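# Results of the structural survey
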Protein chains: 2
Amino acid sequence: MGEAAFTLRDILWQAFKNTTLGCAGLRKLTTAELNRPAVEQLQQLPRIPLVLLLDNIRSAFNVGSIFRTADAFRVERVVLCGITATPPHREVLKTALGSTGSVPWQYEADAVGAAGRLKQQGYRMVAVEQTDKSRNLQEFLPDGRPLVLIFGNEVRGIGPVLQLADEAVQIPQWGFKHSLNVAVAAGIVLWEICRKCGWIGEG
Amino acid sequence: MGEAAFTLRDILWQAFKNTTLGCAGLRKLTTAELNRPAVEQLQQLPRIPLVLLLDNIRSAFNVGSIFRTADAFRVERVVLCGITATPPHREVLKTALGSTGSVPWQYEADAVGAAGRLKQQGYRMVAVEQTDKSRNLQEFLPDGRPLVLIFGNEVRGIGPVLQLADEAVQIPQWGFKHSLNVAVAAGIVLWEICRKCGWIGEG
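In this section: the interface of chain B and chain A. The parts lose accessible area when they come together, and the size of an interface is often stated as this lost area. Across the boundary between the two partners, chain B contributes 87 residues, which contact 87 residues of chain A. Here chain B and chain A share an interface that buries about 8000 Å² over both sides, 62% of which is from carbon and sulfur atoms. Sorting the residues of chain B by area buried against chain A places Leu26(B), Arg156(B) and Trp174(B) first, and these three jointly supply 11% of that buried surface. Summed over the shared surface of chain B and chain A, the result is four salt bridges. Notably, a salt bridge pairs Arg195(A) with Glu192(B), separated by 3.6 Å at the nearest N-O pair. Counting every contact that joins chain B to chain A gives 20 residue pairs in polar contact (both at pLDDT 80 or more). Of all the secondary-structure elements, those providing two or more residues to the side of chain B that touches chain A are helix 1 (8-17), helix 2 (31-34), helix 3 (39-42), helix 4 (60-72), strand 7 (167-170) and helix 7 (182-196) of chain B. A class-by-class count of the residues in the side of chain B that touches chain A yields 39 nonpolar, 29 polar and 19 charged.

Residue and element names in this part refer to chain B. As summarised here, the arrangement of the seven strands in space is 3-2-1-6-4-7-5, forming an open sheet in which the pairing is parallel. Each having just a single partner strand, strand 3 (105-108) and strand 5 (135-136) make up the two edges of the open sheet. Here strand 1 (residues 48-55) pairs with strand 6 (residues 147-151) via five bridges, running parallel. Counterpart to Leu53 in the pairing with strand 6 is Ile150. Its contacts with the sheet put helix 6 (residues 111-120) on strand 1, strand 2 (75-81), strand 3, strand 4 (124-128) and strand 6, and the angle it makes with strand 1 is roughly 160°. Running at roughly 160° to strand 6, helix 7 makes contact with strand 1, strand 2, strand 4 and strand 6 of the sheet.

All names here are of chain B. Taken as a whole and judged by the stated rule, the model has zero disulfides over all chains. Here Cys194 stays free of any disulfide, with the sulfur of Cys197 as its closest cysteine sulfur at 6.9 Å. Judged by its relative accessible area of 1%, Cys194 falls in the buried class.

With that out of the way, let us pick up the pattern of salt bridges. Following the criterion strictly, the structure yields 26 salt bridges over all chains and no others. Several salt bridges converge on common partners, so that one network encompasses Glu192(A), Arg195(A), Lys196(A), Glu192(B), Arg195(B) and Lys196(B).

Residues and elements named next belong to chain A. Here seven strands make up an open sheet; going across it, the order is 3-2-1-6-4-7-5 and the pairing parallel. The open sheet is flanked by strand 3 (105-108) and strand 5 (135-136), the only strands paired with a single partner. Here helix 6 (residues 111-120) sits on the sheet and contacts strand 1 (48-55), strand 2 (75-81), strand 3, strand 4 (124-128) and strand 6 (147-151); the angle it forms with strand 1, its principal contact strand, is near 160°. On the sheet, helix 7 (residues 182-196) packs against strand 1, strand 2, strand 4 and strand 6 and is oriented at approximately 160° with respect to strand 6.

Let's shift gears to the packing of aromatic side chains. Residue and element names in this part refer to chain B. Under the criterion given, the structure shown has three aromatic pairs over all chains. Consider the rings of Phe67 and Trp105, whose centres lie 6.5 Å apart with planes at 90°: the pair is edge-to-face. Of this pair, Phe67 sits in helix 4 while Trp105 sits in strand 3, and the two are 38 residues apart along the sequence. By relative accessible area, Phe67 is classed as buried at 0%.

Parameters and conventions
Residues numbered from 1 in each chain as written. Chains lettered and ligands numbered in written order. Predicted model: local features only at pLDDT ≥ 70, side-chain atom pairs only at ≥ 80, totals over all residues. Heavy atoms only, no water. Contact = heavy atoms within 4.5 Å. Buried area = accessible area lost by both parts, 1.4 Å probe. Salt bridge = Lys/Arg side-chain N within 4 Å of Asp/Glu carboxyl O. Polar contact = N/O pair within 3.5 Å; in protein donor to acceptor, adjacent residues only side chain to side chain. Helix = DSSP H or I, 4+ residues; strand = E, 2+ residues; numbered from the N terminus. Nonpolar A, V, L, I, M, F, W, Y, C, P; charged D, E, K, R; others polar. Pairing = 2+ DSSP bridges. Axes fitted to C-alpha atoms, helices over the stretch in contact; angles between N-to-C directions. Disulfide = S-S within 2.5 Å. Buried < 20%, exposed > 50% of the residue type's maximum accessible area, 1.4 Å probe, protein only. Phe/Tyr/Trp six-rings, centres within 6.5 Å; stacked < 30°, edge-to-face > 60°.

What follows is the structure, given as structure tokens:
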């Protein structure tokens, strides 16, 4: 009684933790070798002309994960609207792993107002949503304008701000479920659009 | 005393829930309009020749999210190794949203053994990892062989099974943080490889 019960997973994990990752062909890089810029350096570096507008994202874990992706692609800014959790929400910080400090962000309760201002500033407003007029992501063509990508609630999708979108794109899917996780979708759309815009070069 | 405290977010959420999503230009599709196949139908449909091998993924939420992506891209199979949580783990089911029933999967404690068998069967073994010899994802070239994509632990990366990889790919990143969430990375890599292999057509 009172003894710890070890499962197969616990034993595997203990073994894994103590394993040296020396490999024949490939050697995993250390954090130092990755040579990432410090937050202070990042503030001097150019960011891509792309804003993520998150409209009523329910899960703070998803918000944190999107921050981490926004950091990796060095997006201009993240605009958090409606019920979307904002830093320093505990669950946002947990999945953002520090990236809320490196990515510029703002909270605007009213997504329509926020989107309206961005539209007036000349941003091309792209809803990521399955609509009657959505084009498949691979058909997206850049036209030189800065971009706003709008992502909506996990269950209900994008709210009334959808009216302000110039167009909609969707990720083609062939499965049983009707959608991807919103943070995964944001990663795929960012990758494809950055690639098409020439923002992903030799790394 | 004892009264519920309503925050701005609660009020916005109530307003949002009761909003009709009628929009000027774009109309969100209903679930019925998405016309996804039922699980029974899916079992008759072809799947892409690509296996996801998850090596010691710590977060069951990530595993569930990867299942959902695997469903969307209709991948051949998911192999869960080491400490990776398996269905019907509660957190896997929570983020998989039913996709554990539509994606073939198996558990193999020993990732090296599982990878060894796949390699013998002629699969091209691709580690998704930052190594000294990784090529950037956009440089990946298909060669007609079926693929295994190996993803590793959120903190320590891929374990000894890295030795069995024929090559490694990495997602180029420009941020302060050193990596993307593993489920987001899996989505991006799957998208790019499916696109390159011609598995993403008109949707």
